[in-house]
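# Residue-level structure breakdown
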Amino acid sequence: MENRPNGGSQRSDGIDADQFPAGSSPYAYGLHPSTSQSCKPIYAPTITHSNEEIEDFYHQVQEVIDETPKKDILVVQGDWNAKIGEDAQKDWKGTCGPYCNTKTNDRGLRLLEFATLNDLKVTNTFHPHKASRRWTWHSPNGSHHQIDYILVKRRFYTSVNIAKTRSFHGADISSDHELVMMSFRLHLKNMKKIQDHTRIKFDLEKLKDPDVAKVFEAKIGEKFAPLLLLDGDGTDADTFIDTLNTAVTEAANEVLGKKRTTKKPWVTLDLLKLCDERRYLKQSKYGRDEGADKYRQADKRVKKSMLKAKEDWITDQCNDIERNLKANNTKKAYQVVKDLTSRDTEKLNTPLATDTDSFPILREEVEEAVTSLKKGKSADIDNIPGELVQAGGEAMIVGLHAICQKIWETGEWPTQWTQSLVITLPKKGNLHQCNNYRTISLICHPSKVMLRIILNRLRPQAEAIIAEEQAGFRAGRSTTEQIFNLRILCERYLQHQQELYHVFVDFKKAFDRVWHAAL
């Protein structure tokens with residue numbers, strides 16, 4: 001808001017014509033448009049100037065606005081020497097508010113035309129402030145007027161705090177104008193380019209068909225031919241991984257194709273084909289009677305098949321619950337029940353020196369690691385789930401064996417295997433705080449083969465140094481046995497009226513942050 005010193009000639013309507021700032025244009029002055037923000041303080045001609053001068057002023061302002069990039073934030077503000085009144089609400093609703101002067105003069109109408117043309121809103125006319133917070137200029141005859149306005153693009157109007165956009169009559173600025181201030185809080189999107197990791201879900205259900213599985217295995221063998229030629233010629237591990245990922249994804253895309261997502265778990269591929277047929281017949285529904293009859297028959301088949309598929313799926317889920325309960329797998333049974341009801345309503349910081357460091361990676365180790373991969377796990381940025389690794393057959397085993405041996409010899413881990421996709425899962429509490437999220441990391445499934453081999457080689461060495469009292473993170477051991485022993489101790493001490501002391505140490509993140517040297 002530009003404020004000028006007192007003085008000037010008397011206007012015919014009783015409003016003083018203020019003097020122009022020294023060295024400035026009598027029509028407009030301000031900052032040149034920047035690349036990120038445009039703020040234009042302007043000073044309009046008074047009532048003593050002719051209509052031609054008024055139009056020339058608006059023409060100059062319009063030229064500056066036209067030069068401003070559309071993506072910039074445009075704010076036009078200053079002394080417009082115009083009065084917008086309450087009577088303008090009827091014809092200019094949305095451009096100005098009702099909290100302004102009593103009547104609109106000709107210059108006020110010209111300002112409203114200018115604001116409407118440029119999709120601007122007069123911000124300091126929308127909030128019901130008391131009169132002393134609306135008037136911006138005090139005439140020598142004792143009257144008060146609102147002739148200073150702040151105009152903002154309609155697109156950014158939601159960033160304006162209307163309640164805090166007003167005049168401040170208490171500011172000591174040595175002028176007959178009041179200080180006008182707008183509170184503006186801008187929310188911009190983060191335009192930082194994020195690396196695109198498009199995740200592809202392949203139709204893994206097709207692998208249950210033995211014929212499709214054989215075709216996929218043959219395709220993998222064909223695609224892996226260049227990979228096997230790279231073995232032994234000094235190629236680094238990253239090149240191996242890139243060739244492997246390309247071969248697996250291309251084979252999966254050719255044989256399996258992308259998985260067609262469904263909102264209902266019982267919707268099968270056959271049902272989707274029936275729905276596609278019904279959608280095609282719907283085009284001829286309103287034509288001849290024959291087309292309408294075909295559409296009705298297709299609609300009946302879809303509804304009947306959908307009902308049967310849902311009943312069969314629910315039956316399979318119930319049978320799965322019974323099988324898990326009989327096998328004493330209550331965790332799996334509970335998870336199935338939870339899914340049904342929701343639809344309806346090892347690390348150690350101590351390095352280990354092993355005797356097997358010089359042994360090469362055996363083919364049997366790779367086969368065991370591939371077999372141990374769990375199914376139904378999400379893929380990482382390479383879009384290769386564990387099912388594709390297991391379905392690769394002989395060629396996949398040979399390729400992974402060559403990659404693992406290369407890593408074992410060079411000690412260099414492939415760059416892509418060091419990356420992971422972090423998924424944030426909200427917990428309870430204020431979600432604006434990072435502590436109220438837990439994260440899971442999705443790593444490349446082929447890398448789990450090498451990790452499994454390393455783990456299998458470390459496990460016998462770890463067992464030799466882990467204390468006998470250690471129960472957690474050990475195969476065939478459970479902390480429930482120690483809890484039972486602790487309970488027996490408590491009972492015995494209570495019987496003999498002896499004191500028993502317990503020391504509980506919280507090793508955060510399973511020893512990940514423990515300073516072992518100090519311990």
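Analysis parameters
Residues numbered from 1 in each chain as written. Predicted model: local features only at pLDDT ≥ 70, side-chain atom pairs only at ≥ 80, totals over all residues. Heavy atoms only, no water. Helix = DSSP H or I, 4+ residues; strand = E, 2+ residues; numbered from the N terminus. Buried < 20%, exposed > 50% of the residue type's maximum accessible area, 1.4 Å probe, protein only. Lys, Arg positive; Asp, Glu negative; His and termini not counted. Salt bridge = Lys/Arg side-chain N within 4 Å of Asp/Glu carboxyl O. Contact = heavy atoms within 4.5 Å. pLDDT = per-residue confidence, 0-100. Patch = residues over 30% accessible without salt bridge, like charges linked within 9 Å, V, L, I, M, F, W, Y side chains within 5 Å. Areas by Shrake-Rupley, 256 points an atom, 1.4 Å probe, with all protein chains shown as cover. Charge placed at Lys NZ, Arg CZ, Asp CG, Glu CD. Polar contact = N/O pair within 3.5 Å; in protein donor to acceptor, adjacent residues only side chain to side chain. Expected span 1.5 Å × (residues − 1). Arc of directions from axis to C-beta. Core = buried A, V, L, I, M, F, W, Y, C linked by side-chain atoms within 4.5 Å. Disulfide = S-S within 2.5 Å. Axes fitted to C-alpha atoms, helices over the stretch in contact; angles between N-to-C directions. Parallel < 35°, antiparallel > 145°, perpendicular 65-115°, else oblique. Left-handed = near helix turned anticlockwise from the far one by under 90°. Phe/Tyr/Trp six-rings, centres within 6.5 Å; stacked < 30°, edge-to-face > 60°. Lys NZ or Arg CZ within 6 Å of the ring centre and 35° of its normal.

The subject of this paragraph is the side chain of Lys121. Relative to the elements of secondary structure, Lys121 occurs in strand β5 (residues 120-122). Buried charge Lys121 goes without a salt bridge, the closest partner of opposite sign being Asp119 at 7.8 Å. Filtering out sequence-adjacent residues up to four positions away, Lys121 remains in contact with Gly94, Thr95, Phe126, Ile150, Leu151, Val152, Arg154 and Tyr157.

Of the residues in the protein, 80% have a pLDDT of 70 or more, and the chain-wide mean is 78. This model gives residues 1-36 a pLDDT under 50, and the stretch forms 90 contacts once residues within four places in sequence are excluded. Within the model, the stretch residues 344-354 combines pLDDT values under 50 with 14 contacts to residues more than four positions away or in other chains.

Time to look at a negative patch on the surface. On the surface, Asp56, Glu63, Asp66 and Glu67 cluster together to form a negatively charged patch. As for its placement among the helices and strands, Glu67 is situated in helix α1 (residues 51-67). Given the relative accessible area of 56%, Glu67 is considered exposed.

Within the structure shown, the criterion is met by 14 salt bridges. One salt bridge connects Arg154 with Asp119, and the closest N-O pair in it is separated by 2.7 Å. Of this pair, Arg154 sits in the loop between β8 (148-153) and β9 (160-168) while Asp119 sits in the loop between α2 (106-117) and β5; the two residues are 35 residues apart in sequence, bridging distant segments of the chain. Judged by relative accessible area, which is 33%, Asp119 ranks as partly exposed.

Moving on: the side chain of Ser447. With respect to the secondary-structure elements, Ser447 resides in helix α12 (residues 445-465). Within polar-contact distance, the side chain of Ser447 engages the backbone oxygen of Cys444 at 2.4 Å.

Bringing helix α5 (residues 237-255) into the picture now. Residue pairs spaced three or four apart in an α-helix point in one direction, given the helix's 3.6 residues per turn. Between its first and last C-alpha atoms α5 spans 27 Å; for 19 residues at 1.5 Å apiece the expected length is 27 Å, and the two agree. Taken residue by residue, α5 has Ala237, Phe240, Ile241, Leu244, Asn245, Ala247, Val248, Ala251, Ala252 and Val255 as its buried positions. Along the long axis of α5, the arc covered by the buried residues comes to 165°, so they all point the same way.

The next point concerns the nonpolar core. Counting 38 residues, the largest nonpolar core has Phe216, Leu388 and Val449 as the members making the most contacts within it. Secondary structure elements with two or more residues in this core: α3 (210-223), α5, α9 (363-371), α10 (386-391), α11 (393-410) and α12. Ignoring anything within four residues of it in the chain, the contact list for Phe216 reads Leu207, Ala251, Ala252, Val255, Leu388, Ala391 and Gly392.

What follows deals with unusual backbone geometry. Residue Asp119 is not a glycine yet carries a positive backbone phi of 55°. Even without glycine at this site, Asn383 takes up a positive phi of about 60°. Checked against the element boundaries, Asn383 lands in the loop between α9 and α10. Given the relative accessible area of 8%, Asn383 is considered buried.

Turning to the state of the cysteines, a few remarks are in order. By definition, a disulfide links the sulfur atoms of two cysteine residues through a covalent bond. All told, the structure shown has 0 disulfides when counted by the stated rule. The structure places no disulfide on Cys100, whose sulfur is separated from the nearest cysteine sulfur, that of Cys96, by 5.8 Å.

So, about the environment of Ala292. Structurally, Ala292 can be placed in helix α7 (residues 289-326). When its relative accessible area of 15% is taken as the criterion, Ala292 is described as buried. Taking the C-alpha atoms as reference points, Ala292 and Leu281, separated by 11 residues in sequence, lie 8.1 Å from one another.

Our focus in this paragraph is the packing of α5 against α11. Describing two packed helices takes the angle between their axes plus the distance from one axis to the other. Where α5 meets α11, the closest approach of the two axes is 10 Å, and the angle between their N-to-C directions is 160°. One finds that α5 runs roughly antiparallel with respect to α11. When the axes of α5 and α11 are compared, the crossing they make is left-handed. Contacts between α5 and α11 pair Ala237, Phe240, Ile241, Leu244 and Val248 from the former with Met396, Leu400, Ala402, Ile403, Lys406 and Ile407 from the latter.

The description of two aromatic rings rests on the distance between their centres and on the angle between their planes. Under the criterion given, the structure shown has 7 aromatic pairs. Ring geometry for Phe57 and Trp80: centres 6.2 Å apart, planes at 75°, overall edge-to-face. Of the two residues, Phe57 sits in helix α1 while Trp80 sits in the loop between β4 (73-79) and α2, which places them 23 residues apart along the sequence. The residues Phe57 and Trp80 share a single accessibility class, namely buried. Through pairs of rings, three or more aromatic residues link up here, namely Phe57, Tyr58, Trp80 and Phe114. Stacked on the ring of Trp135, the Lys or Arg Arg134 has its end atom at 5.4 Å from the ring centre.

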